[in-house]
Amino acid sequence: MSNLGVLLQHEWKLKAKRREKRGKIKMPRVWLYVYSGIVVALVVILATYLGWKGQTRFVQIWNFNWGMLFWAIGIAVQNIKREWSNETVGWWLALPYSRGNLISAKFIASLLRWAKTLALVYLGLFAFMTYVMLLEGDGAKIPDTLVTGVEWYVIVLSLSPFVISLGTVSALLRRSTLQPIFPLIWGVGNLIINAVAALFLLTPLTLGTKCIFILISWVITLGLLRLAVHLLERHVVI
Amino acid sequence: MKDPVVQFRDVNLSYGSRMVLQDFNIEIPSQQVVGILGPNGSGKSSFFRLIMGLNQPDDGEIAVLGHSPGWRNNHQIAYLPDRARWYGNHTVEGAIQWGGDLLPGFDSMKAKELAEWMEIDSSMRIDEMSKGQEARLMLIMCLARKVPLIILDEPFTGIDTHSRERIMDALIDYVTEGEQTILISTHEIYEAEGLFDSVFLINEGQVALSGEAELLRAEHGSMMQLVKKMSHGGRGL
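Thresholds applied
Residues numbered from 1 in each chain as written. Chains lettered and ligands numbered in written order. Predicted model: local features only at pLDDT ≥ 70, side-chain atom pairs only at ≥ 80, totals over all residues. Heavy atoms only, no water. Helix = DSSP H or I, 4+ residues; strand = E, 2+ residues; numbered from the N terminus. Contact = heavy atoms within 4.5 Å. Areas by Shrake-Rupley, 256 points an atom, 1.4 Å probe, with all protein chains shown as cover. Lys, Arg positive; Asp, Glu negative; His and termini not counted. Charge placed at Lys NZ, Arg CZ, Asp CG, Glu CD. Rg over C-alpha atoms; globule rule 2.2 N^0.38 Å. Buried < 20%, exposed > 50% of the residue type's maximum accessible area, 1.4 Å probe, protein only. 1 Å grid on protein atoms, 1.4 Å probe; cavity = no way out; pocket = protein on both sides within 12 Å on 5 of 7 lines; lining within 4 Å. Points joined across faces, edges and corners; volume = space filled by probe spheres on them. Nonpolar A, V, L, I, M, F, W, Y, C, P; charged D, E, K, R; others polar. Axes fitted to C-alpha atoms, helices over the stretch in contact; angles between N-to-C directions. Parallel < 35°, antiparallel > 145°, perpendicular 65-115°, else oblique. Left-handed = near helix turned anticlockwise from the far one by under 90°. Pairing = 2+ DSSP bridges. Buried area = accessible area lost by both parts, 1.4 Å probe. Polar contact = N/O pair within 3.5 Å; in protein donor to acceptor, adjacent residues only side chain to side chain. Phe/Tyr/Trp six-rings, centres within 6.5 Å; stacked < 30°, edge-to-face > 60°. Lys NZ or Arg CZ within 6 Å of the ring centre and 35° of its normal.

What follows deals with the overall build of chain A. Along chain A, the regular secondary structure elements total eight helices and zero strands. When the helices and strands of chain A are placed in sequence order, the string is α-α-α-α-α-α-α-α. Seen through its C-alpha atoms, chain A measures out along the principal axes to roughly 60 × 50 × 40 Å. Once local pairs closer than 6 in sequence are excluded, the contacts in chain A between residues at least 24 apart make up 84%. Carbon and sulfur atoms make up 70% of the accessible area of chain A, which totals about 12,600 Å². Side chains of chain A carry 24 positive and 9 negative charges; the gap between the two charge centres is 10 Å.

Below, the structure is given as structure tokens:
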């Protein structure tokens, strides 16, 4: 396996969460199940109510994708931040591999993890909508909803490389000698994400226009990843 | 005389307005166990990070094993960072596998032998280990590598006496058979000073004193006393 492959495997296996601090009491697993059960029960009650009431229109529900983009940033930031909070940054940066490989492994791992998370969110949403539509006796709408959902999944996933690279750069900037430009990059980056989300969610774009925006975002992604490598090579302080 | 393993010429390093190393000059001889000693904040860890290319100097020249520091050079160096932890989701076996996959010169068989000798159960998860067990594992990750330079930054900090003794025994056993250069920074000077062939005492970002360990001891008493004097403004040096 190539160096990048091994690094990617390592990143993929790492826990996304912060390592438990010594002395901190862990929430017993049984309570996690209890709370998860309560949340699922509330969702089922809500879906049953909507289905019983009828006339539910799943039009604006896709606006949740706006929030999804910010969730993706969080995953990327966490993936970098974890090296510092878990005190493994010395091992990570001392690895005898190009900084490009280190960043690529983190980027791809974040993207894969995010694709998985997003797919689970969408599956949950489909289950919810399908249940409501079946209760309403509107089963014929299900295929259309499924297609719309898949389209949104593809769009959000296509925009995710930009968002994840922005998260990666932001997390590194905060730990570098270039920290003063962090608010600028963060502010501009968030503005762009909001603008793109508004454009995709609130205006009727043609497929061609969508593709152009996505391609532009990929070009910016490459620039941001190059910046991340430069930060690791020259400016990150541990 | 062999080429020095590490050579710094007029190196300056600052973090913001704080000067960490100032006109720092040092030549580390090869195939020795070298003690890098000094009070807290004297610049020892920063010195190590510069060797690894993890931080960049403001100016000056650095040569490590004849090359500029950086990731391209790090396949020749085993580095135990200061205040480091290991990946919590690994088992000892997983850590050794990781070393075999990612660390050039890592000898998995030797790592397993060392783990057994240091009384670490190979199926144990890192996040269930005591700090001493984790410190022993991290030392194994460095000592199991066949590389010309090993850097151990505070390998004994915050660990229990039993683990410290185990680590010290491993080091003594290791340094007698190896041909590597080993740089060790530690505050546990009393226990470690017997390991050193030569010593560099760093204070306020500069090398305040250096030489063969035995000569320094004969001239100034124990290393511990020397560092204590340094911590109190260098009186009597």
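From this point, things continue past the structure.
A count of helical and extended segments in chain B gives eight helices and nine strands. What you see for chain B is a C-alpha radius of gyration of 18 Å, in line with the 18 Å of a compact globule of 237 residues. Overall, the C-alpha framework of chain B stretches about 50 × 40 × 35 Å when taken along its three principal axes. The buried share of chain B, reckoned over its 237 residues, is 54%. The contacts in chain B between residues at least 6 apart in sequence include a share of 68% that link residues at least 24 apart.

With that settled, consider empty space enclosed by the protein. Enumeration according to the criterion identifies four cavities of 30 Å³ or more in this entry. In terms of lining, the largest cavity is formed by 16 residues, of which the most central are Trp91(A), Ala94(A), Tyr79(B), Leu103(B) and Arg145(B). Those elements that provide at least two residues to the lining of the largest cavity are α4 (89–94) of chain A together with β5 (77–80) and α4 (131–143) of chain B. When the residues that make up the lining of the largest cavity are grouped by side-chain class, the tally is 13 nonpolar, two polar and one charged.

As a further point, take the packing of helix α2 (residues 92–102) of chain B against helix α3 (residues 108–117) of chain B. Residue and element names in this part refer to chain B. The contact between α2 and α3 brings their axes to 9 Å, and the two run at 150°. One way to sum up the angle between α2 and α3 is to call them roughly antiparallel. Judged by the sense of rotation from one axis to the other, the crossing of α2 with α3 is right-handed. Listed contacts from α3 to Val92, Ile96 and Gly100 of α2 are Ser108, Ala111, Lys112 and Ala115. Class assignment of the residues belonging to the contact of α2 with α3 gives a composition of four nonpolar, two polar and one charged.

Our focus in this paragraph is the sheet that holds strand β1 (residues 6–15) of chain B. Residue and element names in this part refer to chain B. On the basis of which strands lie adjacent, the open sheet formed by three strands has the order β2-β1-β4 and antiparallel pairing. The sheet is open, and its two borders are formed by β2 (18–28) and β4 (59–64), each paired with just one other strand. Pairs of neighbouring strands in the sheet enclose a mean axial angle of 25°, with direction left out of account. Summarising the sheet, β1 and β2 pair through seven bridges and their orientation is antiparallel. For Leu13, the partnering residue across the bridge sits in β2 and is Leu21. Helix α1 (residues 44–52) rests against β1, β2 and β4 of the sheet, and its axis sits at about 115° to β1.

Here the focus is the interface of chain B and chain A. Quite often, the size of an interface is put as the accessible area lost when its parts meet. Contact with chain B, which involves 34 residues of that partner, is made by 27 residues of chain A. At the boundary of chain B with chain A, total buried surface from both sides reaches about 2,700 Å², with 58% on carbon and sulfur atoms. Sorting the residues of chain B by area buried against chain A places Trp71(B), Arg85(B) and Tyr87(B) first, and these three jointly supply 29% of that buried surface. In this structure, the connection of chain B to chain A is made through eight residue pairs in polar contact (both at pLDDT 80 or more). At the level of elements, α1, β5, α2 and α4 of chain B are the ones that each hand at least two residues to the side of chain B that touches chain A.

A few words now on the packing of helix α2 (residues 29–53) of chain A against helix α5 (residues 99–135) of chain A. Residues and elements named next belong to chain A. Running from amino to carboxyl end, α2 crosses α5 at an angle of 35°, the nearest separation of the two axes being 8 Å. For the crossing formed where α2 meets α5, the hand is right-handed. In contact with Val43, Val44, Leu46, Ala47, Thr48, Leu50 and Gly51 of α2, α5 contributes Phe128, Tyr131, Val132 and Leu135. Its residues assigned to classes, the contact of α2 with α5 shows nine nonpolar, two polar and no charged.

A few words now on the packing of aromatic side chains. Overall, the coordinates contain 17 aromatic pairs over all chains when judged by the stated rule. Judged by centre distance (5.6 Å) and plane angle (35°), the ring pair of Phe47(B) and Phe48(B) falls under tilted. In this structure, Phe47(B) and Phe48(B) share a single accessibility class: buried. Above the ring of Trp92(A), the side-chain terminus of Lys106(A) is found at 4.8 Å from the ring centroid. When the ring centre of Trp84(A) is taken as reference, the NZ or CZ atom of Arg175(A) above it lies at 5.4 Å.

Residue and element names in this part refer to chain A. Locating Thr56 in the fold gives a position in the loop between α2 and α3 (64–85). Residue Thr56 is classed as buried on the basis of its relative accessible area, which comes to 14%. Distance from Thr56 to Met129, taken between C-alpha atoms, is 9.5 Å for residues 73 residues apart in sequence.

Keep in mind these values describe shape, not function.
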